[in-house]
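Results of the structural survey
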Amino acid sequence: MMKNILSVTNIKKSFGGVHALKGVDLQIKKGEIHCLAGENGSGKSTIIKIISGFYKADDGEIEIDEEYYPTITPAEAINAGVQVIYQDFSIFPNLSVVENLAFNQVLANKKKIVNRREFRKIAKEAIKKINFKVDLNARVETLPVADKQLIAISRALLDNAKLIIMDEPTTALTKKEINRLFEIILDLKKNGVTILFISHKLDEVFEISDSVTILRNGENVISCPVTELTEEKFTYFMTGRHFNNI
Ligand code: ADP
Ligand code: MG
């Protein structure tokens, strides 16, 4: 049995009167590509923000790599190897590629980057790992959106990510860019990185994931290997409606 890299149980979160999460569970095995699916507003982004320490849960438990966190801060999540690629990629448009790649490490002051040239070498290796060709001196705002995303992924690898969470990463991409991203995701998996891929698109879920968790209205509907789903079942779990009723 593969161990879980992430296990969250009974997570609850309300915003004022809105019960965004009503006791959600999410179990992710080491080395898999796990898809978190659900319609808009089902609570996907909220659970991610709790796992990454950005929001505090009202209730529930978080275990990362078999370590229990009664509460978790963003720094603890990063130290545990959890990295989130948000929809806006959280990069700094007016800085160069290499400056963006160094950013978290400078913030955390983990590695003393006294030597710029030294860091360039590390950064070069990081982008090479995902076969990403980019001018490290380019200002990020001049680059296409798909490149910004690859910068965020490279930075996650530089921060020693064990679990990379991608929140609806295909939204702003062309079909060609999506294919490139999927190749990178499969490569990351080969290199032992676990992926939590968030999507509400049926074709993507079936193409890329090993297992799937579906949320609806802040509650779990199902969690299973993707091979146990059909398109019909997927649509039903997502919407609560049968195909022929739509
Ligand atoms: P998803 O990512 O699946 O589209 P979200 O997690 O963003 O869903 O949202 C779940 C629910 O929580 C929605 O009803 C949303 O309006 C609400 N919500 C999310 N974040 C906030 C917030 N910061 N303040 C108030 N309501 C929020
Ligand atoms: Mg969302």
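Residues numbered from 1 in each chain as written. Chains lettered and ligands numbered in written order. Predicted model: local features only at pLDDT ≥ 70, side-chain atom pairs only at ≥ 80, totals over all residues.

Considering the overall build of the protein chain
For the protein chain, the helix and strand inventory stands at eight helices and 10 strands. Over its C-alpha atoms the protein chain spans a radius of gyration of 18 Å, differing by no more than 12% from the 18 Å that the globule rule assigns to 246 residues. C-alpha extents for the protein chain along the principal axes are approximately 60 × 40 × 40 Å. Sequence separation of at least 24 residues holds for 68% of the intrachain contacts in the protein chain that already meet a minimum separation of 6. (Helix = DSSP H or I, 4+ residues; strand = E, 2+ residues; numbered from the N terminus. Rg over C-alpha atoms; globule rule 2.2 N^0.38 Å. Contact = placed C-beta atoms within 7 Å.)

Description of the site of ligand 1
Surveying the vicinity of ligand 1 reveals the residues Phe15, Val18, Ala20, Gly38, Asn40, Gly41, Ser42, Gly43, Lys44, Ser45 and Thr46. Broken down by secondary-structure element, the contributors of at least two residues to the shell around ligand 1 are β2 (18-29) and α1 (44-51). The biggest single contributor to the shell around ligand 1 is α1, with three residues. Here the residues of the shell around ligand 1 are counted per class, giving three nonpolar, seven polar and one charged. (Near = placed C-beta within 6 Å. Nonpolar A, V, L, I, M, F, W, Y, C, P; charged D, E, K, R; others polar.)

Thoughts on unusual backbone geometry
A positive phi angle is found at Asn10, which is not glycine, with a value near 55 degrees. Its place among the elements puts Asn10 in strand β1 (residues 4-15). Given 13 C-beta atoms within a 10 Å radius, Asn10 is considered partly exposed. Backbone geometry places Asn160, a non-glycine residue, at a positive phi of 60 degrees. Within the element layout of this structure, Asn160 appears in the loop between α5 (145-158) and β7 (163-167). Residue Asn160 is classed as exposed on the basis of its 11 C-beta neighbours within 10 Å. (Buried ≥ 20, exposed ≤ 12 C-beta atoms within 10 Å, placed from the backbone.)

Digging into the sheet that holds β2
On the basis of which strands lie adjacent, the open sheet formed by four strands has the order β2-β1-β4-β5 and antiparallel pairing. Every interior strand has two partners, whereas the edge strands, β2 and β5 (67-69), have only one. The mean inter-strand angle of the sheet, taken between neighbouring strand axes irrespective of direction, is 20 degrees. With nine bridges joining them, β1 and β2 adopt antiparallel strand pairing. (Pairing = 2+ DSSP bridges. Axes fitted to C-alpha atoms, helices over the stretch in contact; angles between N-to-C directions.)

Overview of the pairing of strand β10 (residues 219-225)
In this structure, strand β9 (residues 211-216) lies alongside β10, joined through six bridges in antiparallel fashion. The partner of Ile214 across the bridge, within β10, is Ile222. From the end of β9 to the start of β10, which pair antiparallel, there are two residues, and Asn217 there has a positive phi angle of about 50 degrees.

Structural notes on the packing of helix α4 (residues 116-129) against α5
Two numbers describe how α4 lies on α5: the axes approach to 9 Å, and their chain directions differ by 115 degrees. The chirality of how α4 crosses α5 is right-handed. Residue-level inspection shows Ile122, Ala126, Ile127 and Lys129 of α4 in contact with α5, the latter providing Ser154, Leu157 and Leu158. Residue composition of the contact of α4 with α5, by class: five nonpolar, one polar and one charged. (Left-handed = near helix turned anticlockwise from the far one by under 90°.)

Details of the confidence of the model for the protein chain
The predicted model of the protein chain has a mean per-residue pLDDT of 91, with 94% of residues at 70 or higher. Across the whole predicted complex the pTM is 0.91, and at the interface the ipTM reaches 0.99. (pLDDT = per-residue confidence, 0-100.)

Section: the pairing of strand β8 (residues 194-199)
In terms of residue burial, β8 counts as a mostly covered element, since six of its six residues are buried. Relative to β8, strand β3 (residues 33-37) is paired through five bridges, and the arrangement is parallel. Counterpart to Cys35 in the pairing with β8 is Phe197. Where β7 meets β8, five bridges bridge the pair, whose relative direction is parallel.

Observations concerning the nonpolar core
Core analysis: the biggest nonpolar cluster contains 61 residues, and Ile51, Ile85, Ile164, Ile165, Ile195 and Phe197 have the highest contact counts within it. Per-element accounting of this core gives the leading share, six residues, to α5. If sequence neighbours within four positions are ignored, Phe197 has contacts with Ile33, His34, Cys35, Met166, Ile185, Ile208 and Ser209. (Core = buried A, V, L, I, M, F, W, Y, C linked by C-beta atoms within 7 Å.)

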